[in-house]
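Here are the chains, one letter per residue:
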Amino acid sequence: MSGFWILVRKDLHAEFRKPEAVISMAFFGFLLLVILNLAIPMGAEISPETGAGILWVAITFSSVLGLARTMSREKENCCMDGLLLSPMSAESLFGAKMAVNFTLMLMAELSIIPLFFILYGDTFFHSLPMLVLVVFLANIGFAATGTLFSAITAGTNRNEALLPLLFYPVVIPLISITVKVTAMIFQGAGPVEYSSWLYVMTAYGLIFSGLGFLLLDQVIRE
Amino acid sequence: MADFLAVNNLGKEYEGRRALHKVSFGLQQGDFLSLFGPNGAGKSTLLRIISTLTSAGSGKVEIKGFDLAEEPEAFKMQLGVISHQSLLYGHMTARENLIFYGSLYKVDDPEQRAEELLRIVELYPRRHSRVSRFSRGMCQRLSIARALVNDPSLLLLDEPFSGLDQYASAILTEQLGELRSRARTVIMVTHSLDRGLAAATRVGILAGGRLVYLEERDTIDPSAFEGLYMEYVHGARAA
């Protein structure tokens, strides 16, 4: 088994044993959806743009809780040094942490998205198949950027406070494209109309994954 | 004969301050180098560079001909490190920690190796306990097992006896003897002159980032070594 799979298995095993990250992400997402729902009058229908905004506010704000956790777990007893001493490459380390972040986000979204449909009406439900594709592409971008920035902040004393300050400005382009595409999907637009945005989301994910693979070793070694 | 470990002109600066300057030495297989020096002499920096945790500013390190900069993965397969930190996951059991590290080092049968090491450090009865519930002494014993999981050819020890209880010290001393009998190479950084001299085949003094003294242990008179050590450290400070 490669270092990538060994680390993924170790992190997911730790999360299943004590699901702190997923529970806090899902619960925070729940809270945001419920609080934002209070602003909408009873029985009123929300526009696709508002719906898309609400959904991605809940997902992006909750995701940062998990992103900080995966790297900070390695701070305990300097376990990051243990990983760096091992023959595992920095690329495998980045890939494994990104895969774990992707999985944790997906698990939290499996509870956030159904609640969104319950609270904000089933008029958006027809868009679920394409929404899955958007969530997949957005998760790659968030997981890549989040893994890189959580590695940068993991060496600081206040990493969980610092991560959002660095992470959100960088993912604003991805968030705005994701909200735009989701709104188009909710409006019932065909894939041809938003396919160019999907390419941009894919490019964002690839660029930050590439940056992570290239820079992680420099970021964590000193 | 080519050196098992070759350190050539190693240098490192931190924010303009010279931590290491042109450090060179070679070790043969089975050598045990005890490295002494005052605080801030660059001992830990030297070990961090050899262990790949810090990059060298200049110079190079080779082990069995593998260049640290060019073949880090092959280099790391040969290494074991005991540092001030245990490098153990508190949420995992003792057995899980050793299996995890054994798997990373591609040990043939990590489960069997973990159980073998747990017996050596006398933690086998507690193998299913989480490390977060271990006492400091138990963590230290498990940390020794972790460093040996890949049966390293080169073991780096940074103040390994500091804070160890009597029991863990005895286990570590026994394991170091066992490693020597199997011609493993060891570099030990320590402040304890007695313990360092007792274990070493070679003795070095690092002061002001320079390796100011390196001799065979057989040529050293232990009773005169403390004076010699102070002389070298003061000499380096004056320079």
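Just so you know, these numbers come straight off a predicted model, no measurement behind them.

A.B. asks: Hey, could you run me through the overall build of chain A in this one?
C.D. replies: A count of helices and strands for chain A gives eight helices and zero strands. Starting at the N terminus and walking to the C terminus, you meet the elements of chain A as α-α-α-α-α-α-α-α. Relative to a compact globule of 222 residues, whose C-alpha radius of gyration would be 17 Å, chain A shows 18 Å and is just as compact. Taking all 222 residues of chain A together, the buried fraction comes to 54%. Looking at chain A alone, contacts between residues at least 24 apart form 83% of all its contacts between residues at least 6 apart. Taken as a whole, chain A presents about 9,700 Å² of accessible surface, with 72% of it coming from carbon and sulfur. Across chain A, the 11 positively charged side chains and the 15 negatively charged ones have centroids separated by 9 Å.

A.B. asks: When you look at the sheet that holds strand 1 (residues 5-14) of chain B in this model, what are you seeing that I'm missing?
C.D. replies: Pairing between sheet strands relies on hydrogen bonds along the backbone, with the strands arranged either parallel or antiparallel. Residue and element names in this part refer to chain B. Taken in spatial order, the four strands line up as 2-1-4-5 in an open sheet, and their pairing is antiparallel. What marks the edges here is a single partner per strand, and that holds for strand 2 (17-27) and strand 5 (66-67). Relative to strand 4 (residues 58-63), strand 1 is paired through five bridges, and the arrangement is antiparallel. Looking at strand 4, one finds that alanine 6 is bridged to glutamate 62. Strands in contact with helix 1 (residues 43-50) are strand 1, strand 2 and strand 4; relative to strand 2, the strand with the most contacts, it is inclined by about 60 degrees.

A.B. asks: Is there a simple way to explain the sheet that holds strand 7 (residues 154-158) of chain B in this structure?
C.D. replies: Residue and element names in this part refer to chain B. On the basis of which strands lie adjacent, the open sheet formed by six strands has the order 6-7-8-3-9-10 and mixed pairing. The strands lining the two open edges of the sheet, one partner per strand, are strand 6 (79-82) and strand 10 (210-216). Neighbouring strand axes in the sheet, compared pairwise and without regard to direction, differ in orientation by 15 degrees on average. Inspection of the sheet shows strand 6 paired to strand 7 by four bridges, in the parallel sense. For leucine 79, the partnering residue across the bridge sits in strand 7 and is leucine 154. Each of strand 6 and strand 7 is contacted by helix 5 (residues 136-147), which is oriented at about 165 degrees to strand 6, the strand it contacts most. Helix 6 (residues 166-181) rests against strand 3 (32-36), strand 6 and strand 7 of the sheet, and its axis sits at about 150 degrees to strand 7.

A.B. asks: Can you help me understand a nonpolar patch on the surface in this one?
C.D. replies: Residues and elements named next belong to chain A. Together, Ile23, Phe27, Phe28, Leu31, Ile35, Leu36, Leu38, Val57, Phe61 and Leu65 make up an exposed nonpolar region whose accessible area comes to about 900 Å². Among the secondary structure elements, those contributing two or more residues to the nonpolar patch are helix 2 (20-38) and helix 3 (48-72). Here the nonpolar patch gets seven residues from one element, more than from any other, and that element is helix 2. Tracing the sequence through the fold places phenylalanine 61 in helix 3. For phenylalanine 61, a relative accessible area of 40% puts it in the partly exposed group.

A.B. asks: Would you take a moment to explain the interface of chain B and chain A for this structure?
C.D. replies: Many structure descriptions define interface size as the accessible area lost when the parts assemble. Chain B puts 27 residues into the contact, and the matching count from chain A is 24 residues. When chain B packs against chain A, close to 2,400 Å² is buried across both sides, 57% of that on carbon and sulfur atoms. Summed over the three residues of chain B that lose the most area to chain A, namely Leu53, Tyr89 and Leu104 of chain B, the buried surface amounts to 24% of that side. Our count for the contact surface shared by chain B and chain A stands at two salt bridges. The partner of arginine 48 of chain B in a salt bridge is aspartate 81 of chain A, with the nearest N and O atoms 3.6 Å apart. Across the contact surface, chain B and chain A share ten residue pairs in polar contact (both at pLDDT 80 or more).

A.B. asks: In this structure, what is going on with unusual backbone geometry? I would like to understand it.
C.D. replies: Of all residues except glycine, most have a negative phi; of all peptide bonds, most are trans. In this structure, cysteine 78 of chain A takes a positive phi of about 55 degrees despite not being glycine. As for its placement among the helices and strands, cysteine 78 of chain A is situated in the loop between helix 3 and helix 4 (79-85). The backbone of leucine 87 of chain B shows a phi angle near 60 degrees, a positive value even though the residue is not glycine. With respect to the helices and strands, the residue leucine 87 of chain B is situated in the loop between strand 6 and helix 3 (94-104). By relative accessible area, which is 1% here, leucine 87 of chain B ends up buried.

A.B. asks: In this structure, what is going on with the pattern of salt bridges? I would like to understand it.
C.D. replies: Pairs may arise between side chains of opposite charge once their charged atoms sit close together. Residues and elements named next belong to chain B. For the structure shown, the criterion picks out 18 salt bridges over all chains. Measuring nitrogen to oxygen at the nearest pair gives 3.9 Å for the salt bridge that ties aspartate 31 to arginine 202. A residue pair is termed long-range when its members are at least 10 positions apart, and aspartate 31 in the loop between strand 2 and strand 3 and arginine 202 in strand 9 (residues 202-207) qualify at 171 residues. On the accessibility criterion, aspartate 31 (13% relative accessible area) is buried.

A.B. asks: Can you help me understand the packing of aromatic side chains in this one?
C.D. replies: Geometry of an aromatic ring pair is reported as the spacing of the ring centres plus the angle between the planes. Residues and elements named next belong to chain A. Across all of its chains, the model carries 18 aromatic pairs over all chains by this definition. When the centroid spacing of 5.0 Å and the interplanar angle of 70 degrees are considered together, the rings of phenylalanine 94 and phenylalanine 213 count as edge-to-face. With a gap of 119 residues between them, phenylalanine 94 in helix 5 (residues 90-120) and phenylalanine 213 in helix 8 (residues 191-221) connect regions that are remote in the sequence. Here phenylalanine 213 falls in the partly exposed class, since its relative accessible area comes to 32%. Relative to tyrosine 120, the ring of phenylalanine 116 lies with its centre 5.2 Å away and its plane at 25 degrees, an arrangement referred to as stacked. Placement of both phenylalanine 116 and tyrosine 120 in helix 5 is noted, with a separation of four residues, approximately one turn of the helix. Residues phenylalanine 116 and tyrosine 120 agree in their burial class; the two are buried.

Cut-offs used in this document
- Residues numbered from 1 in each chain as written.
- Chains lettered and ligands numbered in written order.
- Predicted model: local features only at pLDDT ≥ 70, side-chain atom pairs only at ≥ 80, totals over all residues.
- Heavy atoms only, no water.
- Helix = DSSP H or I, 4+ residues; strand = E, 2+ residues; numbered from the N terminus.
- Rg over C-alpha atoms; globule rule 2.2 N^0.38 Å.
- Buried < 20%, exposed > 50% of the residue type's maximum accessible area, 1.4 Å probe, protein only.
- Contact = heavy atoms within 4.5 Å.
- Areas by Shrake-Rupley, 256 points an atom, 1.4 Å probe, with all protein chains shown as cover.
- Lys, Arg positive; Asp, Glu negative; His and termini not counted.
- Charge placed at Lys NZ, Arg CZ, Asp CG, Glu CD.
- Pairing = 2+ DSSP bridges.
- Axes fitted to C-alpha atoms, helices over the stretch in contact; angles between N-to-C directions.
- Patch = residues over 30% accessible without salt bridge, like charges linked within 9 Å, V, L, I, M, F, W, Y side chains within 5 Å.
- Salt bridge = Lys/Arg side-chain N within 4 Å of Asp/Glu carboxyl O.
- Buried area = accessible area lost by both parts, 1.4 Å probe.
- Polar contact = N/O pair within 3.5 Å; in protein donor to acceptor, adjacent residues only side chain to side chain.
- Phe/Tyr/Trp six-rings, centres within 6.5 Å; stacked < 30°, edge-to-face > 60°.

Read these as geometric descriptors, not functional statements.
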